[in-house]
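Fold and geometry: a report
In case you want the letters, here they are:
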Amino acid sequence: MKQMLTTKSLDAMPPATTKRYEVRDQKVNGLHVRVSTTGAKVFYTMVRPNGSRRRVKIGPYPVVSLADARRRAMVIARDVELGEFDTAPEVSEVSTDTLGAMIPKFIELHAKPNTKDWKRTESVLHKFDGLKDRPIDQIKRQDVSKVLDGIIANGTPTRANRALSAIKKLMNWCVMRGDIETSPVALLRPPTREIPRDRVLSDDEIRTIWQQSDAEGYPFGPFLKLLMMTGQRRAEVSDMRWSELNLDEGIWELPASRVKNARLHIVPLPPQAVAVLRSLHRFLDSDFVFTTTGRSAISGFGRLKERIEATLPENTPDWRFHDFRRTASTGMAKIGVTPHVIDAVTNHKSGVVSGVGATYNRYTYFNEKREALELWANELTKITTERSETSAGRKSE
């Protein structure tokens, strides 16, 4: 296909359906653009140094503009005519970076500036350490599929989905930069169909976990209690800062940089939560509420989960820390809290209004959120003390 390339026509070129396609420029002989299945566009020029046909990569669009691509193609054509092509600098068609070298670049240049859960992405990408010495442009779809098969064989099929999602993001980023022309995993589909979780902890499970939180002590014990009482996300609670808290007024103000929907979120703390926070010691010159070093927030949630599971009955269904959040939402609904207030408490997108209305509603629902969280904290107190009171009554008989 040949046409007069323009910025408008380049922007309008659709992704390839099954195989990449090329469009040649009518203005500059030899210049063409390749379009991949991901929609990435890369400029090349075709020349014949010493009579042998050779394709030379110029660079990805729009990092390389059409005007720059035309100028570069003409310079290369001139060098060929003058016999200077072999000494002229050119852009290599292949990437020499290995996957192991590309992952930290991806994390620093893309994941950290653009995503809040970049640490999880970095961790998931370690699943591909077996390919870390392979040049990025030599990794094939089959290589990735074998890694995913191994993850599934270890009994964690949903982690295979997460691993595929992470490697797809990395490969698409490499295509965008021009490090590779096409993504080898573009056509791979998630290996496991995921069913939305609806796990809610039972009262017995809540009691057992609450008792374990007492046994854990600082920092994981109070972290678990705050997680159950507030209904907020795990990372929001584990990374809590003293500077976000006003214990005199019972307010926790989460900045936009720390929440999933990037909006300031105000959490009215029930008296029970304030009491837990007032009981904690503070690390000198540290803003982290839950920390073992003073320099970073707590981690090691996998080991914490194992310790909790050791106290639960053997037939306990699989659970995750995110289920605490669903348990709080369900518990509030059971005691009569309306859905829009629950959404406001948990900061769900469905409960957020955009624009000026968003700012207004944060404060409109403040009293309702405080009442809801106090009702839920009272319900938790009732659940966690019920068994001990019943046992004491039986003993007195």
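Residues numbered from 1 in each chain as written. Predicted model: local features only at pLDDT ≥ 70, side-chain atom pairs only at ≥ 80, totals over all residues. Heavy atoms only, no water.

1. Points about the overall build of the chain
Applicable threshold: Comment: elements are numbered from the N terminus, with helices defined as DSSP H or I runs of at least four residues and strands as E runs of at least two. Computation of the radius of gyration draws on C-alpha atoms alone. For the globule rule, the value is 2.2 Å times the number of residues to the power 0.38. In this scheme, a residue with accessible area under 20% of its type's maximum is buried, one over 50% is exposed, and one in between is partly exposed, where area comes from a 1.4 Å probe on protein chains only. Contacts were defined at the residue level, with two residues in contact if any of their heavy atoms lie within 4.5 Å.
For the chain, the count of helices and strands is 15 helices and 8 strands. Expected size for 397 residues packed as a compact globule is a radius of gyration near 21 Å; at 28 Å, the chain overshoots this value by more than 25%. A principal-axis box enclosing the C-alpha atoms of the chain has dimensions of 105 × 50 × 45 Å. For the chain, the proportion of its 397 residues judged to be buried stands at 46%. Relative to all contacts within the chain whose residues are 6 or more apart in sequence, the contacts with residues 24 or more apart total 57%.

2. Looking at the sheet that holds strand β4 (residues 41–47)
The following threshold applies: One bridge is not enough; two strands pair if DSSP finds at least two bridges between them. Interaxial angles span 0 to 180 degrees and are taken between N-to-C directions of axes, which are lines fitted to C-alpha atoms, for helices over the stretch in contact.
The 5 strands lie next to each other as β1-β2-β3-β4-β5, forming an open sheet whose pairing is mixed. With one partner strand each, in any of the chains shown, β1 (2–3) and β5 (54–61) form the two edges of the open sheet. Sheet topology places strand β3 (residues 31–35) next to β4; 5 bridges connect them, and they run antiparallel. Paired with His32 across the two strands is Tyr44, which belongs to β4. Packing of helix α2 (residues 66–81) onto the sheet brings it into contact with β2 (21–25), β3, β4 and β5, and relative to β4 it is tilted by some 20°.

3. Focus on the sheet that holds strand β8 (residues 265–268)
Read from one edge of the open sheet, 3 strands run β6-β7-β8, paired in antiparallel fashion. Of all strands in the sheet, those with a lone pairing partner are β6 (245–246) and β8, marking the two edges. Sheet topology note: the strand β7 (residues 251–254)/β8 ladder contains 4 bridges and is antiparallel. Note on β8: the bridge partner recorded for Glu253 is Ile266.

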